[in-house]
Amino acid sequence: MSQKLLKLLSRLSWCWLGLIPSVGHAEEAPIRVEVTAPYIEMHTGPGAAYPIHQVVERGEWVEVIKRRTDWFQVHAHRDRSGWVHVEQMRMTQLAEGVPLDVKHYGLDDFNERDWEFGFLGGDMDGAAVLSLYGGYSFNRNLSAELSFSHALGSYSSEYLVDVNLLSHPFPEWRYSPFFTLGGGMINTRPDTTLVQTEDRTDTTAHVGLGLHAYITRRFFLRAEFKHYTVFTSREDNEDFDQWKIGFGFFF
């Protein structure tokens, strides 16, 4: 089961990377735009650390070859090529006189997100744990999540389904803490070659805290700690801690 989950997480990560906006089929049919700013700067590579080696002045036309994150590779007349930042590409227009529609996600979009998805890995009472989750924001300070976790220990495997309510006291911060509480179910499956006991399913409750760290565009890091109480059918309840770190994307 753990190998199947790892393969699923790998496929999902590639799908998420595919969500990065790009200029569709630019190599087949380059988009031509006119510079409306006094000039735009061409860098030798897709990053601010690359030096500026050319400028394109107002009224000149450039062809958009491709996009890499926040940088566009363009070609101008007199055989000039280079990389232009997304903010400067916003100061161009199409032949119809319409500004180039450049999708660009930033911290403000992260603060106003509606949906987010992600996967995390960590430790659950000494066992390795992997989690997938999806969440919806009711407003900037309150959101709800559904998560599925698989923990693989030395003597048993656990499967958890949680419903979480999250409070975000400082949603405008780039490194935004949150508090969570919720409940769910845990299914414990002992290794029958080591322990001759039956599978069992119990209800859980948890409290925790965590941190969202916005990276760039639609992506962020997430770290969290939760303390669980398991309400067993036996006389005593059980407690365990869980910590995880991973990444997610929003839209």
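As shown above, the structure is provided for reference.
For clarity, every value in this text was computed on a predicted model and none was experimentally measured. Each chain has its residues counted from 1, following the order in which its sequence is written. Predicted model: local features are reported for residues with pLDDT of at least 70 only, side-chain atom pairs are reported and counted for 80 or more only, and whole-chain, interface and lining totals are derived from all residues. Hydrogen atoms and water are omitted, and side-chain values are computed over all heavy atoms in the structure.

### With respect to the overall build of the chain
The cut-off we apply is this: Per the convention used, a helix needs a DSSP run of H or I reaching at least four residues, while a strand needs a run of E reaching at least two, with both numbered from the N terminus. Relative accessibility thresholds used throughout: buried, under 20% of the residue-type maximum; exposed, over 50%; partly exposed, between the two (1.4 Å probe, protein chains only). Only heavy atoms matter for contacts: two residues are in contact if any of them lie within 4.5 Å across the pair. For accessible areas, the Shrake-Rupley method is used with a probe of radius 1.4 Å. Any residue's cover is judged against the shown protein chains and nothing else.
Each helix and strand in the chain was counted, giving three helices and 15 strands. Looking at the chain residue by residue over its 251 residues, the buried ones come to 41%. The contacts of the chain with a sequence gap of at least 6 include a subset with a gap of at least 24, amounting to 53%. As presented, the chain carries roughly 13700 Å² of accessible surface, and 58% of it is formed by carbon and sulfur atoms.

### Comments concerning the pattern of salt bridges
Test applied: Salt bridges are identified by distance alone: a Lys or Arg side-chain nitrogen within 4 Å of an Asp or Glu carboxyl oxygen.
Going through the model one piece at a time under the given rule, you end up with twelve salt bridges. Here Glu87 ties to Arg90 by a salt bridge, and the two come within 3.6 Å at their closest N and O atoms. Residue classification places Glu87 among the partly exposed positions, given a relative accessible area of 37%. The class for Arg90 is partly exposed, based on a relative accessible area of 36%. Residues Arg140 and Glu112 are paired through a salt bridge, measuring 2.6 Å at the closest nitrogen-oxygen approach. With Arg140 in the loop between β9 (127-139) and β10 (142-152) and Glu112 in the loop between α3 (107-111) and β8 (115-124), the pair connects residues that are 28 residues apart, well separated along the chain. Among the charged side chains, a network of salt bridges with common partners joins Arg113, Glu116, Glu145, Arg222, Glu224, Lys226 and Lys244.

### Some thoughts on a nonpolar patch on the surface
For the record, the criterion: Patch rule: a residue counts if its relative accessible area is over 30% and it has no salt bridge; like charges are joined within 9 Å, and nonpolar side chains (Val, Leu, Ile, Met, Phe, Trp, Tyr) within 5 Å.
A cluster of nonpolar side chains, namely Trp115, Tyr136, Phe138, Leu142, Leu165, Leu181, Val207 and Phe251, defines an oily patch on the protein surface of about 750 Å² accessible area. Note that Leu181 resides in strand β12 (residues 175-190). Assessed through its relative accessible area of 49%, Leu181 is described here as partly exposed.

### Things to note about the pairing of strand β5 (residues 71-76)
The condition that has to hold: For two strands to be treated as a pair, DSSP must find at least two bridges joining them.
Across six bridges, strand β4 (residues 61-68) lies against β5 in antiparallel orientation. Within the sheet, the bridge partner assigned to Val62 lies in β5 and is Ala76. Where β4 folds back onto β5 in an antiparallel hairpin, the turn is made up of two residues, including Thr69, whose phi is positive at roughly 50°. Across six bridges, β5 lies against strand β6 (residues 80-85) in antiparallel orientation.

### Focus: the sheet that holds β12
Backbone-to-backbone hydrogen bonds pair the strands of a sheet. The strands run either parallel or antiparallel. Definition in use: Under this scheme, a helix contributes an axis fitted over its contacting stretch, all axes are lines through C-alpha atoms, and angles between N-to-C directions fall in the 0 to 180 degree range.
The strand order around the closed barrel built from eight strands is β8-β9-β10-β11-β12-β13-β14-β15, with neighbouring strands paired in antiparallel fashion. When strand polarity is set aside, the average angle formed by the axes of neighbouring strands in this sheet is 25°. Pairing of β10 with strand β11 (residues 156-167), which is carried by eleven bridges, proceeds in the antiparallel orientation. Within β11, the residue paired with Ala144 across the bridge is Leu165.

### Structural notes on the packing of aromatic side chains
Quick reminder of the rule: Only Phe, Tyr and Trp rings are paired, with Trp represented by its six-membered ring, and only when their centres lie within 6.5 Å; those with planes under 30 degrees apart are stacked, over 60 edge-to-face, the remainder tilted. As a reminder, the over-ring test applies to NZ of lysine and CZ of arginine, requiring each to be within 6 Å of the ring centre and within 35 degrees of the ring normal.
As enumerated under the stated definition, the model contains 14 aromatic pairs in all. Ring centres of Trp115 and Phe117 lie 6.5 Å apart, and the angle between their planes is 5°; on these two criteria the pair is classed as stacked. When the centroid spacing of 6.1 Å and the interplanar angle of 25° are considered together, the rings of Phe249 and Phe251 count as stacked. Residue Phe249 is classed as buried on the basis of its relative accessible area, which comes to 5%. Of the residues examined, Phe251 reaches a relative accessible area of 44% and is grouped as partly exposed. Among the aromatic residues, those joined into a ring-pair cluster are Trp115, Phe117, Tyr136, Phe138, Phe249 and Phe251. The ring of Phe110 has Arg113 lying over it, and the distance from NZ or CZ to the ring centre is 4.1 Å. One Lys or Arg, Arg222, reaches over the ring of Tyr133 and ends 4.3 Å from the middle of that ring.

### Points about the environment of Val102
Here Val102 lies in the loop between β7 (92-93) and α3. Considered as a pair, Val102 and Val86 are 16 residues apart in the sequence and their alpha carbons are 7.2 Å apart. Among residues more than four places away in sequence, those in contact with Val102 are Arg67, Phe72, Val86, Met89 and Arg90.

### Section: the nonpolar core
Here is the rule: Nonpolar cores are built from buried Ala, Val, Leu, Ile, Met, Phe, Trp, Tyr and Cys residues. Side-chain atoms within 4.5 Å join them into one set.
In terms of nonpolar packing, the biggest core is built from 15 residues, with Val56, Phe72, Val74 and Met89 touching the most fellow members. Of all the elements in the fold, those that place two or more residues in this core are β1 (31-35), β2 (39-43), β4, β5 and α2 (86-89). In contact with Met89, other than residues within four places in its own chain, are Val33, Val64, Phe72, Val74, Val84, Leu100 and Val102. Of all hydrophobic cores here, the second largest spans nine residues; its members include Ala151, Leu160, Ile186 and Phe240.

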